[in-house]
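Observations on the model geometry
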Amino acid sequence: MAAAAGLSGGDFSDLREIKKQLLSVAERSRERGLQHSGKWASELAFALDPLPLSELPPPLALTEEDARDLDAYTLAKSYFDLKEYDRAAYFLRGCKSQKAYFLYMYSRYLSGEKKKDDETVDSLGPLEKGQVKNEALRELRVELSKKHKARELDGFGLYLYGVVLRKLDLVKEAIDVFVEAAHVLPLHWGAWLELCNLITDKEMLKFLSLPDTWMKEFFLAHIYTELQLIEEALQKYQSLIDAGFSKSTYIISQIAVAYHNIRDIDKALSIFNELRKQDPYRIENMDTFSNLLYVRSMKPELSYLAHNLCEIDKYRVETCCVIGNYYSLRSQHEKAALYFQRALKLNPRYLGAWTLMGHEYMEMKNTSAAIQAYRHAIEVNKRDYRAWYGLGQTYEILKMPFYCLYYYRRAHQLRPNDSRMLVALGECYEKLNQLVEAKKCYWRAYAVGDVEKMALVKLAKLHEQLNESEQAAQCYIKYIQDIYSCGEIVEHLEVSTAFRYLAQYYFKCKLWDEASACAQKCCAFNDTREEGKALLRQILQLRNQGETSSTEIAAPFFLPASLSANNTPTRRVSPLNLSSVTP
C-alpha cells in the first residue's frame, strides 16, 4: 500500500511515476467492477506521454488466497459484467481474498440498488421516490463493520463501507471512513469523489486530515468547484495543466463547468466547443453545455447537440437532459418535463434533472410538483443553489414571503456574490415591509456586480417610496450610466422610468438644463414621450417668464451628452454605506 501513496502533495516532478500509478489503479479498479474510477484514471493516464516497454507497470502479483479464489472470481466477474449481480455474489460466497471479497460485497450492494431502482421506476412516478429502500444495506453494514473493526478492509473495501454508511444517512461515520480509504489507497478517485459529495462548506474541509499526495490537488480543485470557490478552483486546475496535464479532457471539462458556475458564458461555451473537437463522442457534462446554449437561446446549436447525442446514446441521462432543454427552449414544457422524467428513471439520483424538472413544472404553473422536484434536488445535493432559489420562486408565486425568505437566504449563503439571489432577497424584505434590509440587499447586489441590471432601479424606487429624492436620483443616474456603458439601452424598459424621474427631479430643483436634457431623452421612449413633451413645454414657459436655474440646491450633476463616455457623476452614488453588509 505504501507504494500507492506515490508522490507528496503538489509534487508533479515525476510524471512517469504518476502515469505508472494511474495505469496500475485503473487496472485494479476494473478488476473490482469500479468502472468510473477506472475510466477516470485511464483518461488522466492518456493525457500523459506514453511509457516505453521497460517502464510499464508489471502485472499485479497474485497472493495464495487470490490463486485459491481465481476460478470463482473469474466466473463471478463475467456474471458481474453482465449485471447478473445475485448470480455473481452466489459463486463468490466463502471467498477469502481481498479482490473476491470486495466483488462479493459490491455485487450484493449493486443487486440491492438495482432492485430499488427497478421498483422506483415500476411502481412510482419519479416525484414519489424516497420511500423505496435498498434492503441489502443493513446486512452489508453489519458485515463490513466487523471487518473494519478487525482492520481487514483494504482501500477498496473501506470505500464500499463508506458508500453503505452514506446510503444509510450516517454522514459523519461515512466521512471518517472515506478519509481512511483515501489514506490507505490515495489513488482511488471514487473515495475522493464520495468525500466531495459529503463536504458542505470550507470550514468542514479545513478539519479533514487528508493524505499528502498529488491526488489531493485534483480533489481540492473539484471540491472548490462544488463549493462555488471558483477562483481557487481555476488556480488549482491551471497549476495541474502547467504540471503536465494540459491534454486532460477531464480538467478541460471541469474548467468549463467552473466558468459556467460563475456565469462567464462566453468563456464556458468556447471551452466546451474546444472539448467537443478533442472528444466528439463525449456525453459527460454535455447537459451543462446545453444549459449554456439554453441561456443564450442558441436554438440551432442546441438542436444539433441534441441530435448528435441521440445518435451516440439516446438512453443516457445527459442526452435526456439536453433534449429536455431543447424542448424547453421551444416552450414545449410538457415534452421537456417528459424527458427530464426519463432521465430520472435512468438515474433517480441525477441532480440536474430534478432541478430542471422543477423549472418546467414552474413554467406549467404546477407549483406543488415543482416544490417536490426541487426538494428532491436538495436531497441529492444540499449545495444546489438553483434548487433553493427555485423553491424561493415557487413560494413567491404562492404568496408565502416568510418561506421565500428562508429559501432565498439559503441560496444566497451558497452564492454570496450572485446578485440574483440578493435582488430576490431584497424583494422579499420589501414585501415584508423590512425596507432597511431590502435597501442593504439591493445595494449589495449592485456592489457584487448586478447581472440583470435591476438592483439600482429597485433601490431607487425604494428611495422614492421613502421620499429620499436625492438618493433616488443618484441611483437612477448610476443606473443610466451602467446601461449606456453596456450598450443595452434598447433592451431595458426601466431606462425611460429613470429619465422620467430625473427630469421631474431636476425640474423641482430648478435645474432647467439638466431637466430639459432628461425630458428630451424621455421623448425617445413610447411610454414617457407625452410626459417628456409636457415637461419641455413647462421648462420653456418658465424660462420665458425669466425663471433662472437654481445654483443653491446641492443636486447630483448630470450631463446626458457625455453618457456614452465612461464618466462618473460629480457626486458618488453611495447614499448608503452598505457595501460591506450582507443580510
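Worth saying up front: this structure is predicted, and the values here are computed from it rather than measured.

Observations concerning the overall build of the protein
When helices and strands are tallied, the protein shows 30 helices and zero strands. Scored against the burial criterion, the 583 residues of the protein give a buried share of 53%. When the accessible area of the protein is evaluated, it comes to approximately 28200 Å², of which 50% is carbon and sulfur surface.

Comments concerning a nonpolar patch on the surface
A contiguous nonpolar surface patch, about 290 Å² in accessible area, is contributed by Leu23, Leu53 and Leu56. Residue classification places Leu56 among the partly exposed residues on the basis of a relative accessible area of 41%.

Description of the packing of helix H16 (residues 286–295) against helix H17 (residues 299–313)
For the pair H16 and H17, the least separation of the axes is 9 Å and the interaxial angle reads 160°. With respect to each other, H16 and H17 are oriented roughly antiparallel. Helix-helix and strand crossings are classified by hand; for H16 and H17 the assignment is left-handed. Listed contacts from H17 to Met286, Phe289, Ser290, Leu293 and Tyr294 of H16 are Glu301, Leu302, Leu305 and Leu309.

A closer look at helix H10 (residues 189–198)
Taking burial as the measure, the ten residues of H10 include eight buried ones, the bulk of the element. Taken together, the buried positions of H10 are occupied by Trp189, Gly190, Ala191, Trp192, Glu194, Leu195, Cys196 and Leu198. Looking at the buried side of H10, the elements it contacts are helix H3 (35–46), helix H8 (155–167), helix H9 (171–184), helix H11 (202–206), helix H12 (215–226) and helix H14 (249–261).

Details of the nonpolar core
Membership of the largest hydrophobic core comes to 190 residues, with the highest contact counts inside it found for Leu22, Tyr109, Leu195, Trp214, Phe218, Phe219 and Ile223. With sequence-adjacent residues up to four places away left out, Tyr109 is seen in contact with Asn134, Leu137, Leu140, Leu160, Val163, Val164 and Lys167.

Side note on the pattern of salt bridges
Taken as a whole and assessed by the stated rule, the structure comprises 30 salt bridges. Residue Glu27 pairs with Arg30 through a salt bridge whose shortest N-O separation is 3.3 Å. With Glu27 and Arg30 both in helix H2 (residues 15–31), this residue pair falls three residues apart, about one helical turn. For Arg30, a relative accessible area of 35% corresponds to the partly exposed category. The partner of Arg108 in a salt bridge is Glu139, with the nearest N and O atoms 3.4 Å apart. Here Glu139 lies in helix H7 (residues 137–149) and Arg108 lies in helix H6 (residues 98–123), a separation of 31 residues in the sequence. Look at the salt bridges and you will find they share partners, linking Glu31, Arg32 and Lys99 into a network.

Side note on the UniProt feature "repeat: TPR" (unreviewed entry) in the protein
As annotated by UniProt and renumbered to match this structure, "repeat: TPR" (unreviewed entry) occupies residues 317–350 and 351–384. For residues 317–350, the end-to-end C-alpha separation is 8 Å, with 79% helix and 0% strand making up the annotated structure. Annotated as 79% helix and 0% strand, the span residues 351–384 places its first and last C-alpha atoms 8 Å apart.

Topic: a positive patch on the surface
Where like charges cluster on the molecular surface, the positive patch consists of Lys133, Arg138, Arg141 and Lys149. Following the sequence through the fold, Arg138 ends up in helix H7.

A closer look at the environment of Met421
As for its placement among the helices and strands, Met421 is situated in helix H24 (residues 419–431). Beyond its immediate stretch of four places on either side in the chain, Met421 contacts Tyr385, Tyr389, Ala411, His412 and Arg415.

Re H17
Taking 1.5 Å of rise per residue, 15 residues should cover 21 Å, and H17 covers 21 Å from first to last C-alpha, within 8% of that figure. Within the sequence span of H17, burial applies to Leu302, Ser303, Leu305, Ala306, Asn308 and Leu309. In this structure, the buried side of H17 is in contact with helix H15 (265–278), H16 and helix H18 (317–329).

Digging into the side chain of Ser290
Along the chain, Ser290 turns up in helix H16. Judged by its relative accessible area of 0%, Ser290 is buried. Not counting chain neighbours up to four residues away, the residues in contact with Ser290 comprise Leu302, Leu305, Val322 and Asn325.

Topic: unusual backbone geometry
Not every positive phi belongs to a glycine, and Lys83 is a case in point at roughly 65°. You can see Lys83 is positioned in the loop between helix H4 (64–81) and helix H5 (85–91). Given a relative accessible area of 54%, Lys83 falls into the exposed group. A positive phi is found at Arg263, a non-glycine position, where the angle reads about 60°. Checked against the element boundaries, Arg263 lands in the loop between H14 and H15. By relative accessible area, Arg263 is classed as partly exposed at 32%.

Thoughts on the environment of Ile371
Mapped onto the fold, Ile371 is located in helix H21 (residues 367–380). C-alpha separation for the pair Ile371 and Leu391, spaced 20 residues apart in sequence, amounts to 6.0 Å. When residues no more than four places from it in sequence are discounted, the contact partners of Ile371 are Leu391, Thr394, Tyr395 and Leu398.

A word on the packing of aromatic side chains
Counted according to the given criterion, the structure contains 29 aromatic pairs. With centroids separated by 5.7 Å and ring planes inclined at 40°, the aromatic side chains of Tyr79 and Phe91 adopt a geometry described as tilted. In this pair, Tyr79 is assigned in helix H4 and Phe91 in helix H5, connecting sequence segments twelve residues apart. Exposure remark for Phe91: the relative accessible area of 35% places this residue in the partly exposed category. Relative to Tyr501, the ring of Tyr476 lies with its centre 5.2 Å away and its plane at 45°, an arrangement referred to as tilted. Placement of the pair is Tyr476 in helix H27 (residues 469–486) and Tyr501 in helix H28 (residues 494–508), with a sequence separation of 25 residues. When the ring centre of Tyr101 is taken as origin, the NZ or CZ atom of Lys147, which lies over that ring, is 4.4 Å away. Looking at Arg415, its charged tip hangs above the ring of Tyr385, at a distance of 4.3 Å from the centre.

Conventions adopted
Residues numbered from 1 in each chain as written. Predicted model: local features only at pLDDT ≥ 70, side-chain atom pairs only at ≥ 80, totals over all residues. Heavy atoms only, no water. Helix = DSSP H or I, 4+ residues; strand = E, 2+ residues; numbered from the N terminus. Buried < 20%, exposed > 50% of the residue type's maximum accessible area, 1.4 Å probe, protein only. Areas by Shrake-Rupley, 256 points an atom, 1.4 Å probe, with all protein chains shown as cover. Patch = residues over 30% accessible without salt bridge, like charges linked within 9 Å, V, L, I, M, F, W, Y side chains within 5 Å. Salt bridge = Lys/Arg side-chain N within 4 Å of Asp/Glu carboxyl O. Axes fitted to C-alpha atoms, helices over the stretch in contact; angles between N-to-C directions. Parallel < 35°, antiparallel > 145°, perpendicular 65-115°, else oblique. Left-handed = near helix turned anticlockwise from the far one by under 90°. Contact = heavy atoms within 4.5 Å. Core = buried A, V, L, I, M, F, W, Y, C linked by side-chain atoms within 4.5 Å. UniProt positions renumbered as here; feature names shortened; annotations may be inferred. Lys, Arg positive; Asp, Glu negative; His and termini not counted. Charge placed at Lys NZ, Arg CZ, Asp CG, Glu CD. Expected span 1.5 Å × (residues − 1). Phe/Tyr/Trp six-rings, centres within 6.5 Å; stacked < 30°, edge-to-face > 60°. Lys NZ or Arg CZ within 6 Å of the ring centre and 35° of its normal.

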